[in-house]
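Analysis of the macromolecular model
One letter stands for each residue in the lines below.
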Amino acid sequence: MTADRYDALIVGGGPAGLTAAIYLARYHRRVVVVDDGHSRAKWIPLSHNHAGFPDGIAGEDLLRRMREQAERYGATIVTDRIETVDGKADAFEAQGSAVTTTAARAVVLATGVENRRPAMDAATHHDALDRGLLRYCPVCDGYEATGQSIGVIGADSHGVAEALFLTTYSDDVTLLVYKTMELTGTDRADLWGAGVKVKESPLEELTFGEMVTARLRDGSDCRFDTIYPALGSDSNNALARQLGVELSDDRCIVVDTKQRSSVAGVYAAGDIVMSLDQISVAMGHAAIAATALHNDLRNRDGEGTGS
């Protein structure tokens, strides 16, 4: 990639970043997507709640289709990791770990978040996901766990909320302690009222066979059809911090109704923005961000008003 100036640099090639690229390329904008290949969407074995795919679509297949679509309209997609970015509207510069400096008039941050995982090697993690024994998003795939025995890892407010949500699908839900127990009296009352079982001994080890076996520190075992780690996530906000973008208490990027950040020329879309972490939401964010970016550039260039 050369140091030629682009209209937009998109950091992140997940559903949000690629949707923004498709829109901007179709607005005849020069756009480059720099992606390090770690979108959470790649983890999805088969999504059944993405509209238009009644038989489901694998996350990698969806991303491949979206990349092809963006490139068809002229977007450039580069595999790399942006390490630094600075500048201001119409004059941003970003440096990747393997490419030369990229200059752009505007930046779209679609850097997402990373789920905190229970301890296990990568191969075991991938296999458990593929077989539906390990799941991270009850909004996405709780339906597939209907009537199953479900374990939830994380005995704190986040784990309580996830366990209660999963009672939508099953009356056999168990909350497991990951390291420490942080339940209030209200938490316990809510769990008891919903029929959620609570194991007081911390989780020691997970093994994945025909079912999930959770070995607890007291030596006892629990078996589940599927298990959800409810350990929270970490926002990939290092670039946002470099740019001085306002962040929420959850360390996500604060945006206005047009996905503009607090720094002129910087937009954000997808899970890095505080919202429902869903592919459809990320795509909606990206469509709004791309359109606002295009119109903002038109306004700065004196080409007419835009929203």
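Going by the structure above, here's the rest.
Quick caveat, the model's predicted, so the values are computed rather than measured. (Residues numbered from 1 in each chain as written. Predicted model: local features only at pLDDT ≥ 70, side-chain atom pairs only at ≥ 80, totals over all residues. Heavy atoms only, no water.)

Some words on the packing of aromatic side chains
- On inspection of all chains with the given rule, the structure shows three aromatic pairs.
- Over the ring of Y73 we find R26, and its NZ or CZ is 4.8 Å from the ring centre. (Phe/Tyr/Trp six-rings, centres within 6.5 Å; stacked < 30°, edge-to-face > 60°. Lys NZ or Arg CZ within 6 Å of the ring centre and 35° of its normal.)

Notes on the nonpolar core
- With 24 residues, the main nonpolar core has I10, A21, L24, V31, A75, Y267 and L293 as its most contacted residues.
- When residues of this core are traced back to their parent elements, those giving at least two are β1 (5-11), α1 (15-26), β2 (31-35), β6 (102-109) and α8 (279-300).
- When residues in this core are grouped by element, the largest group, seven residues, is from α8.
- For L24, the contacting residues outside a window of four places in its chain are A8, I10, R29, V31, A290, L293 and H294.
- Counting 23 residues, the second largest nonpolar core, distinct from the first, contains V11, V78, L109 and V263. (Core = buried A, V, L, I, M, F, W, Y, C linked by side-chain atoms within 4.5 Å. Buried < 20%, exposed > 50% of the residue type's maximum accessible area, 1.4 Å probe, protein only. Helix = DSSP H or I, 4+ residues; strand = E, 2+ residues; numbered from the N terminus. Contact = heavy atoms within 4.5 Å.)

Comments concerning the layout of surface pockets
- Within this model, the second largest pocket holds a volume of roughly 390 Å³.
- Lining the second largest pocket are 20 residues; nearest its centre among them are S39, K42, W43, R117 and H126.
- Sorting the residues of the lining of the second largest pocket by element identifies α2 (59-72), β7 (113-115) and α3 (122-130) as the ones contributing at least two each.
- The greatest single-element share of the lining of the second largest pocket, amounting to five residues, is contributed by α3.
- For the lining of the second largest pocket, a count of residues per class yields seven nonpolar, seven polar and six charged. (1 Å grid on protein atoms, 1.4 Å probe; cavity = no way out; pocket = protein on both sides within 12 Å on 5 of 7 lines; lining within 4 Å. Points joined across faces, edges and corners; volume = space filled by probe spheres on them. Nonpolar A, V, L, I, M, F, W, Y, C, P; charged D, E, K, R; others polar.)

Observations concerning the side chain of T226
- Relative to the helices and strands, T226 is located in strand β13 (residues 226-229).
- Of note is the side chain of T226, whose polar atom sits 3.2 Å from the side chain of R135.
- Beyond its immediate sequence surroundings of up to four residues, T226 is in contact with G132, L133, L134, R135, A145, Q148, S149, I150, G151 and V212. (Polar contact = N/O pair within 3.5 Å; in protein donor to acceptor, adjacent residues only side chain to side chain.)

A short note on α1
- Between the first and last C-alpha of α1 there are 17 Å, a value that for twelve residues agrees with the 16 Å anticipated at 1.5 Å per step.
- Among the twelve residues in α1, ten count as buried, and that is most of the element.
- By the burial criterion, the buried members of α1 are P15, A16, G17, L18, T19, A20, A21, I22, L24 and A25.
- Buried residues along α1 sit against β1, β2, α2, β3 (76-79) and α8. (Expected span 1.5 Å × (residues − 1).)

With respect to the packing of α1 against α8
- Relative orientation of the contacting elements α1 and α8 amounts to 35°, with a least axis distance of 8 Å. Crossing hand, α1 versus α8: right-handed. Along the contact surface, α1 presents P15, A16, T19, A20, Y23 and L24, while α8 presents I279, A282, M283, A286, A287, A290, T291, L293 and H294.
- Its residues placed into classes, the contact of α1 with α8 shows twelve nonpolar, three polar and no charged. (Axes fitted to C-alpha atoms, helices over the stretch in contact; angles between N-to-C directions. Left-handed = near helix turned anticlockwise from the far one by under 90°.)

Comments concerning the sheet that holds strand β11 (residues 212-216)
- Pairing in this open sheet of six strands is mixed, and the strands run β12-β11-β10-β9-β8-β13 from one edge to the other. The strands lining the two open edges of the sheet, one partner per strand, are β12 (221-224) and β13. Taken over all neighbouring pairs, the strand axes of this sheet differ in orientation by 40° on average, direction set aside.
- Relative to β12, β11 runs antiparallel, the two sharing four bridges. Bridge pairing in β12 links V212 to F224. (Pairing = 2+ DSSP bridges.)

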